[in-house]
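Results of the structural survey
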Amino acid sequence: MDVILNEVTYTVHKCEKSMSWADSNLQTECGIHHHLAHDNLEITTVEESNTMTSADKCGRCFENEGGY
């Protein structure tokens, strides 16, 4: 699954379902992308984000998680 990493807060968000790797208009399911500069967002995979020990998952995008 593709996810979006907010490089400022180091928080992982789910990509909007219609988004793909080729889409330059990064959109998150929770809508936080409206408040952030897109140069602070990076597309990655959920598997890769799981290896980032300091990255948190967005509580709006992922059930049973903290944040936002």
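Only a predicted model underlies this, so the values are computations on that prediction, with no experimental measurement involved.

Some remarks on a negative patch on the surface
Taken together, the side chains of Glu7, Asp39, Glu42 and Glu48 make up a negatively charged region of the molecular surface. Mapped onto the fold, Glu7 is located in the loop between strand 1 (2–6) and strand 2 (11–14).

Considerations on the packing of aromatic side chains
Within this structure, the stated rule accounts for 0 aromatic pairs. A cation over a ring is seen here: Lys57 above Phe62, with NZ or CZ 5.2 Å from the ring centre.

Some words on the sheet that holds strand 2
If you trace the 4 strands from one edge of the open sheet to the other, you get 3-1-2-4, paired in mixed fashion. Each edge of the sheet is formed by a strand with only one pairing partner; in this case those strands are strand 3 (41–45) and strand 4 (56–57). Alignment of strand 1 against strand 2, held across 4 bridges, turns out to be antiparallel. Paired with Asn6 across the two strands is Thr11, which belongs to strand 2.

Looking at the pairing of strand 2
The turn linking strand 1 back onto strand 2 is made up of 4 residues, and Tyr10 within it adopts a positive phi angle of 55°. Where strand 2 meets strand 4, 2 bridges bridge the pair, whose relative direction is parallel. Within strand 4, the position partnered with Val12 by the bridge is Lys57.

As for the confidence of the model for the chain
With 81% of its residues at a pLDDT of 70 or more, the chain has an overall mean of 79. Element-level pLDDT for the chain is lowest in helix 1 (residues 46–50), with a mean of 83, against a maximum mean of 91 in strand 2.

Here's the deal with the pairing of strand 1
Among the 5 residues in strand 1, 4 count as buried, and that is most of the element. Examined bridge by bridge, strand 1 and strand 3 share 5 bridges and lie antiparallel to one another. Looking across to strand 3, one finds that Ile4 is bridged to Ile43.

Quick word on the environment of Thr9
Position of Thr9 among the secondary structure elements: in the loop between strand 1 and strand 2. Among the residues examined, Thr9 registers a relative accessible area of 40% and is labelled partly exposed. In this structure, the C-alpha to C-alpha distance between Thr9 and Ala55, residues 46 residues apart in sequence, is 8.2 Å. A polar atom in the side chain of Thr9 sits 3.1 Å from the side chain of Asn6. A distance of 3.0 Å separates polar atoms of two side chains, one belonging to Thr9 and the other to Thr11.

Rules used throughout
- Starting afresh in each chain, residues are numbered from 1 along the sequence in its written order.
- Whole-chain, interface and lining totals are the exception, using all residues; otherwise, since this is a predicted model, local features are given only for residues with pLDDT of at least 70 and side-chain atom pairs are given and counted only at 80 or more.
- The basis for the side-chain values is all heavy atoms of the structure; hydrogens and waters are excluded.
- Patch definition: residues with relative accessible area over 30% and no salt bridge; like charges joined within 9 Å; nonpolar side chains (Val, Leu, Ile, Met, Phe, Trp, Tyr) joined within 5 Å.
- Residue burial considers only the protein chains on display, and all accessible areas are found by Shrake-Rupley using a 1.4 Å probe.
- Salt-bridge detection follows one rule: a side-chain nitrogen of Lys or Arg within 4 Å of a carboxyl oxygen of Asp or Glu.
- By the counting rule applied here, Lys and Arg register as positive and Asp and Glu as negative, while His and the ends of each chain are not counted.
- To locate a charge, take NZ of a lysine, CZ of an arginine, CG of an aspartate or CD of a glutamate.
- Counting from the N terminus, the helices are the DSSP runs of H or I reaching at least four residues and the strands are the DSSP runs of E reaching at least two.
- Under the pairing criterion, centres of Phe, Tyr and Trp rings, with the six-membered ring standing for Trp, must be within 6.5 Å; the plane angle then separates stacked pairs below 30 degrees from edge-to-face pairs above 60, leaving the rest tilted.
- A ring is considered to have a charge above it if a Lys NZ or an Arg CZ atom is located within 6 Å of its centre and within 35 degrees of its normal.
- Strand pairing is assigned whenever DSSP identifies at least 2 bridges connecting the two strands.
- Looking at any residue, its pLDDT shows the predictor's confidence there, from 0 to 100.
- Three exposure classes are used, based on accessible area relative to the maximum for each residue type with a 1.4 Å probe and protein chains only: buried under 20%, partly exposed in between, and exposed over 50%.
- Any pair of N or O atoms that falls within 3.5 Å is considered a polar contact. Within protein, one atom must be able to donate a hydrogen and the other to accept it, and sequence-neighbouring residues count only if both atoms are side-chain atoms.

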